[in-house]
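Reading the structure
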Amino acid sequence: MVVRVANLSVTTSLVNQLHVLQQQVLEKQTQVSTEKKSDQYAGISDDAQRLVSIENLAMLNTRYIRNNELMDTRLQVQTNAYESIETTISDMRGRLESFLEFSTTDQTAVDDIQDWAFKSLQAIESQLNAFVDGQYLFAGSQTHTKPVDFGLTSLSAFQATYDGNTVQYPTSRDAHLADLTLSSDLSGGTDWLVFDEATSTITATSGSFGNLSAGSVFTVSGTASNDGTYEVTDLGAFTTDANDAAPTITLPDAGTLTAADFGDLSFTAPLTVTAATASSLSGISVGERITISGASTSGNDSTYVVTSNDGTTLTVSPKQITVNSIELTTDAADVTAEIELPLDAITLKTGNYGTLSFTNPDTIDATTAGAFAEVEAGDVIVISNAGTAANDGTYTVASVNATSDQLTIVKKELVDEGSSGSEVDGTLTATSWYKGDTQVLTHRIDKDFSFDMDINAVHPAFEKAIRAMGILAQGAFGTAGGLDQNESRVLEARWLLDSALDEVTGESSPLGHAEIPGDMISLGFNIGFKQILIEDTSERFTKLDKILQVQADEIENVDLTLAIAEFTDATTAVQAAYQAFAKSQGLSLADYL
């Protein structure tokens, strides 16, 4: 019997060695084909943790680069919109400068500048509604809401709303952006309004009108006699009454303050109340509701929202609105008034009409028959030097009687409705053209730095330009509210356009109030600075990404020439091992006998 030299133990040992050599061949083959040291972290165990850190940092950098690329696209679209708006405003100002060479009595010139202002409004509306990547760029955090809606259809429709006489386009920022819907008082009561014809006021049962300001335009609906559009001329809460010891102030927690706490109260129209005892009102916070009762002047009793408080003097929200009205004051024997028809270059004096009788609300009678023969319905008349100064003003003629000795003017007035204790219901609505918000979004450009996306459609530069164009476009030529009868609007609009393009310094506003700083130049710097930050950061991340890639390659990659040589050596070793194994398996003791 022949006995084999390679027994089980020897064979097992040789097979194990073959497996080791085969594994080496496989590893070298993988290195040659992938140019990587290993396809598993275990294959580079000494550097695995370092490689993972490098890969995580590279992944984070890539995410920042991608996000910054998206933001750069938004900024580019925002820049395009900004440049278009700047061009629109500059063109409008250029047209206005040219218009100043003409007289406001030139109807063609007036029609042209108003048409240009209206079309500029339409252009700005389109530009501020810039939309990219599913988001509106000028809407604050309301990125899915179209931010600007002027409700424009035609110039004539715009002038029907803003006739420039009974309703003027807002001249202040607060009035321009007024936005509210009120149908109840602060306690939720819906019978809450009193309309007074004599004083042209709307009074609520509480201080509910905190979102309105002088110049705000609002609509009344749901009343029996006073539905319509009105312009706020004044707001108030209190009738002046000094040193009143009678009132009680009820606080939000139902606690009360009396004369024992504050000494007495001095009410000062329109909105302040002062305690005789210093700091006695310091426990009342801004925004809280207080109720004043028992005041000597009962009209001062009501519920109010506190808008400011220094501890001694409170300012509260208004509860009464005075609205713009067009009406005459009764005067039976006026011989000083002059009635001018600007478009016809005619002026009527006492020698023409004898004596004038003004009858509230809308009638003018002359004692001389035919005195108004030159006047027609629709004409604009300007009354000056009237015996009763309240009758001075610009009016539109509604009709002339058959004997031409009586004029009726177009009036605008409230109708008495409701009374104290018997208030009526109704809804007040002021709709802002801005539908977004002022919340600021933040974009993080890297782990340490971010910037605010703080440019929205009510940025002062945009808002002032929009206001200027609305002021110009209002009022049809030949009416009491037309530009031809209100030349000051040209200077007001030019000042606003100048301020929108480049902040006007050292010169007070002809509108009579300070403006919030902000112009197109600073706005351009703001956008450009963010674009530079994005560009510089992206360039830095790109360079860092290359450095990280080099470091990762040093850990992962093999020397291809060396790997091929090692693969060849491993293959040769496997071949030799198989030959040795086969040889050993064929040997027996007989070979040695």
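Quantities reported herein were computed from a predicted structural model and do not represent experimental measurements.

Check the secondary structure of the protein and you find 11 helices and 27 strands. Burial analysis of the protein (593 residues in total) assigns 43% to the buried set. When the accessible surface of the protein is totalled, it reaches about 28400 Å², and 50% of it is carbon and sulfur.

With that out of the way, let us pick up the environment of Arg-66. Position of Arg-66 relative to the elements: it lies in helix α2 (residues 48-99). Placed 472 residues apart in sequence, Arg-66 and Ser-538 show a C-alpha to C-alpha distance of 9.1 Å.

Here we take up the side chain of Asn-165. Within the secondary structure, Asn-165 sits in the loop between α4 (155-161) and α5 (173-176). In this view, Asn-165 contacts Asn-324, Ile-326, Thr-394, Ala-480 and Gly-481; residues no more than four positions away in its chain are not counted.

Once that is clear, we can look at helix α9 (residues 488-501). In a regular helix each residue adds 1.5 Å, so 14 residues correspond to 20 Å; α9 covers 20 Å between its end C-alpha atoms and thus fits that length. Among the 14 residues that make up α9, 10 are buried, leaving the element largely enclosed by the rest of the structure. If you check which residues of α9 are buried, you get Arg-489, Val-490, Glu-492, Ala-493, Trp-495, Leu-496, Leu-497, Ser-499, Ala-500 and Leu-501.

Here the focus is empty space enclosed by the protein. In the structure shown here, the tally under the stated rule is one cavity of 30 Å³ or more. Volume-wise, the largest cavity comes out at about 70 Å³. Arg-74, Gln-78, Tyr-136, Leu-137, Ala-139, Gly-140, Thr-143, Leu-441, Met-453, Asp-454 and Ile-455 together form the lining of the largest cavity. Per-class residue counts for the lining of the largest cavity are six nonpolar, three polar and two charged.

Put simply, helix α8 (residues 460-473) and α9 touch, their axes get as near as 8 Å, and they point 160° apart. Our classification of the angle between α8 and α9 gives roughly antiparallel. Taken as a pair, α8 and α9 cross one another with a handedness that is left-handed. Where α8 approaches α9, its residues Ala-461, Lys-464, Ala-465, Arg-467, Ala-468, Met-469, Ile-471 and Leu-472 are matched on the opposing element by Arg-489, Val-490, Glu-492, Ala-493, Leu-496, Leu-497, Ser-499 and Ala-500.

Note on aromatic pairs: each is described by the distance of the centres and the angle between the planes. Tallied over the full model, the rule gives 12 aromatic pairs. Arranged with centres 5.8 Å apart and planes meeting at 40°, the rings of Phe-158 and Tyr-169 form a pair that is tilted. Of this pair, Phe-158 sits in helix α4 while Tyr-169 sits in the loop between α4 and α5, and the two are 11 residues apart along the sequence. Residue Phe-158 is classed as buried on the basis of its relative accessible area, which comes to 8%. Look at Trp-433 and Tyr-434: their rings are 6.4 Å apart centre to centre, the planes differ by 65°, and that puts the pair in the edge-to-face class. An aromatic cluster is built from Phe-118, Phe-158, Tyr-162 and Tyr-169, whose rings are joined through pairwise contacts. Across from the ring centre of Tyr-230, 4.4 Å away, lies the NZ or CZ of Lys-412, which sits over that ring.

Turning next to the environment of Ala-139. Tracing the backbone shows Ala-139 in the loop between β2 (135-136) and α4. Relative accessible area serves as the criterion here: at 0%, Ala-139 is assigned to the buried category. Note: C-alpha distance between Ala-139 and Asn-456 (317 residues apart in sequence) is 5.6 Å. Leave out the neighbours within four places in its chain, and Ala-139 touches Thr-145, Pro-147, Tyr-434, Gly-436 and Asp-437.

Scanning all chains against the criterion turns up 10 salt bridges. A salt bridge links Arg-467 to Glu-463, with the nearest nitrogen and oxygen atoms 2.7 Å apart. Placement of both Arg-467 and Glu-463 in helix α8 is noted, with a separation of four residues, approximately one turn of the helix. With respect to burial, Arg-467 and Glu-463 carry one shared label: buried. Between Lys-464 and Glu-503 there is a salt bridge whose closest N-O contact spans 3.4 Å. Of this pair, Lys-464 sits in helix α8 while Glu-503 is found in the loop between α9 and α10 (520-556), placing the two residues 39 residues apart along the sequence. Exposure remark for Lys-464: the relative accessible area of 0% places this residue in the buried category.

Taken in spatial order, the eight strands make up an open sheet running β17-β20-β21-β24-β23-β22-β18-β19, and their pairing is antiparallel. Edge positions in the sheet fall to β17 (331-334) and β19 (346-348), since each has one partner strand and no second. Neighbouring strand axes in the sheet, compared pairwise and without regard to direction, differ in orientation by 30° on average. As defined by bridge partners, β17 adjoins strand β20 (residues 356-359) across two bridges and the pair is classed as antiparallel. Each bridged residue has a counterpart across the sheet, and for Asp-334 the counterpart in β20 is Leu-356.

This part is about the sheet that holds strand β4 (residues 193-196). The strands making up a sheet associate through backbone hydrogen bonding, with each pair oriented either parallel or antiparallel. One open sheet accounts for seven strands, arranged β3-β25-β6-β7-β16-β5-β4; its pairing is antiparallel. At either end of the open sheet lies a strand with only one pairing partner, and these are β3 (180-182) and β4. Neighbour-to-neighbour, the strand axes of the sheet open up by a mean angle of 30°, direction not taken into account. Pairing of β3 with strand β25 (residues 427-430), which is carried by three bridges, proceeds in the antiparallel orientation. Looking at the pairing, Leu-180 lines up with Ala-430 of β25.

Quick look at the pairing of strand β16 (residues 320-323) now. Put simply, side chains in a regular strand alternate between the two faces of the sheet. Where burial is concerned, the two faces of β16 differ: the one with Ile-321 and Val-323 is buried and the one with Gln-320 and Thr-322 is not. Pairing of strand β5 (residues 201-204) with β16, which is carried by three bridges, proceeds in the antiparallel orientation. Looking at β16, one finds that Thr-203 is bridged to Gln-320.

A separate point is the pairing of β5. Side-chain alternation along β5 places Thr-201 and Thr-203 on one buried face and Ile-202 and Ala-204 on a second face that is also buried. Of the strand pairs in this sheet, β4 and β5 are connected by four bridges, and their pairing is antiparallel. Residue pairing for β5: Leu-193 is matched across the bridge by Ala-204.

Counting residues in each nonpolar core, the largest one holds 63 residues, and the members touching the most others are Ile-89, Leu-128, Phe-138, Met-469 and Met-520. Mapped by element, the contributors of at least two residues to this core are α2, α3 (107-128), α4, β27 (450-453), α8, α9 and α10. With residues up to four places along the chain from it excluded, the contact list for Leu-128 reads Ile-85, Phe-138, Pro-147, Val-148, Ala-457, Phe-462 and Ile-466.

Glancing now at unusual backbone geometry. With an omega of 10°, the peptide bond running from Ala-269 to Pro-270 counts as cis. For Pro-270, the location among the structural elements is in the loop between β11 (265-268) and β12 (272-275). Positive phi, normally seen in glycine, also occurs at Asn-243, with a value near 55°. Looking at the element boundaries, Asn-243 is found in strand β8 (residues 241-244).

Each value, and the rule that gives it
- Residues numbered from 1 in each chain as written.
- Predicted model: local features only at pLDDT ≥ 70, side-chain atom pairs only at ≥ 80, totals over all residues.
- Heavy atoms only, no water.
- Helix = DSSP H or I, 4+ residues; strand = E, 2+ residues; numbered from the N terminus.
- Buried < 20%, exposed > 50% of the residue type's maximum accessible area, 1.4 Å probe, protein only.
- Areas by Shrake-Rupley, 256 points an atom, 1.4 Å probe, with all protein chains shown as cover.
- Contact = heavy atoms within 4.5 Å.
- Expected span 1.5 Å × (residues − 1).
- 1 Å grid on protein atoms, 1.4 Å probe; cavity = no way out; pocket = protein on both sides within 12 Å on 5 of 7 lines; lining within 4 Å.
- Points joined across faces, edges and corners; volume = space filled by probe spheres on them.
- Nonpolar A, V, L, I, M, F, W, Y, C, P; charged D, E, K, R; others polar.
- Axes fitted to C-alpha atoms, helices over the stretch in contact; angles between N-to-C directions.
- Parallel < 35°, antiparallel > 145°, perpendicular 65-115°, else oblique.
- Left-handed = near helix turned anticlockwise from the far one by under 90°.
- Phe/Tyr/Trp six-rings, centres within 6.5 Å; stacked < 30°, edge-to-face > 60°.
- Lys NZ or Arg CZ within 6 Å of the ring centre and 35° of its normal.
- Salt bridge = Lys/Arg side-chain N within 4 Å of Asp/Glu carboxyl O.
- Pairing = 2+ DSSP bridges.
- Core = buried A, V, L, I, M, F, W, Y, C linked by side-chain atoms within 4.5 Å.

These figures come from the coordinates and say nothing about function on their own.
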